[in-house]
Amino acid sequence: MHTMVEVDNLSLAEQELIRAAVGNQGVLEVVTRVECRGRAIVAGRKKFYDPNDRSVADDYLALLPRLQAMALIHESANRQAYELTNVGWQFSRKLGR
């Protein structure tokens, strides 16, 4: 059982990740690229890293466990991506665009 997540309970960065997943068929990909100096989150054309500041990618990656704990995302079968759950899709409608 999980509690209902309210928009105010998520940071702006967490909300941004949910919106980006919606725009990418519900998927947040975790990629390893030279330009981001390691692992980073990508959702379609939306990139959550700064090539000049490694901490940006790290900050977004650190949000994934919290979104998982709230049952908004789950790890996909290939373990290189996270997908919105049914709860995550429902929550995204509260966020708006």
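One can find the structure itself at the top, above this paragraph.
This write-up is about the structure you can find in this document.

Thresholds applied
- Residues numbered from 1 in each chain as written.
- Predicted model: local features only at pLDDT ≥ 70, side-chain atom pairs only at ≥ 80, totals over all residues.
- Heavy atoms only, no water.
- Buried < 20%, exposed > 50% of the residue type's maximum accessible area, 1.4 Å probe, protein only.
- Helix = DSSP H or I, 4+ residues; strand = E, 2+ residues; numbered from the N terminus.
- Arc of directions from axis to C-beta.
- Contact = heavy atoms within 4.5 Å.
- Polar contact = N/O pair within 3.5 Å; in protein donor to acceptor, adjacent residues only side chain to side chain.
- Core = buried A, V, L, I, M, F, W, Y, C linked by side-chain atoms within 4.5 Å.
- Pairing = 2+ DSSP bridges.

**Brief notes about helix H2 (residues 54-61)**
So, point 1. Considered for burial, the residues of H2 that qualify are Ala57, Tyr60 and Leu61. Down the axis of H2, the sector holding all buried residues measures 100°, keeping them to one side.
So, point 2. Contacts from the buried residues of H2 go to helix H1 (12-22), strand E1 (27-33), strand E2 (38-43), strand E3 (46-48) and helix H3 (64-69).

**Let's talk about the environment of Lys46**
So, point 1. Looking at the element boundaries, Lys46 is found in strand E3.
So, point 2. Distance from Lys46 to Ala13, taken between C-alpha atoms, is 13 Å for residues 33 residues apart in sequence.
So, point 3. Apart from residues lying up to four places away in sequence, Lys46 is in contact with Glu16, Ala20 and Ile41.
So, point 4. Within the structure, Lys46 has its side chain in polar contact with the side chain of Glu16 (distance 3.1 Å).

**Some words on the nonpolar core**
So, point 1. Core analysis: the largest hydrophobic core is formed by 24 residues, its most contacted members being Leu17, Ile18, Leu28, Ile41, Leu64, Leu67 and Leu72.
So, point 2. Going through the elements one at a time, H1, E1, E2, H2, H3, strand E5 (81-84) and helix H4 (86-95) are the ones with two or more residues in this core.
So, point 3. Examining the composition of this core, we find that five residues originate from one element, H1, more than from any other.
So, point 4. Non-local contacts of Ile41, meaning those with residues more than four positions away in its chain, are made with Leu17, Leu28, Glu29, Lys46, Lys47, Phe48, Tyr60, Leu61 and Leu64.
So, point 5. Listed in part, the six residues of the second largest apolar core include Val31, Cys36, Ala40 and Tyr49.

**Here's the deal with the pairing of E2**
Along any regular strand the residues' side chains alternate between the sheet's two faces.
So, point 1. Pairing analysis gives five bridges linking E1 to E2, with the strands arranged antiparallel. Across the sheet, Val30 pairs through a bridge with Ile41, a residue of E2.
So, point 2. Bridge analysis of E2 against E3 gives three bridges, and the strand direction is antiparallel. Across the sheet, the residue bridging to Ala43 is Lys46, located in E3.
So, point 3. Where E2 folds back onto E3 in an antiparallel hairpin, the turn is made up of two residues, including Gly44, whose phi is positive at roughly 65°.

By themselves, these figures tell us nothing about what the structure is for.
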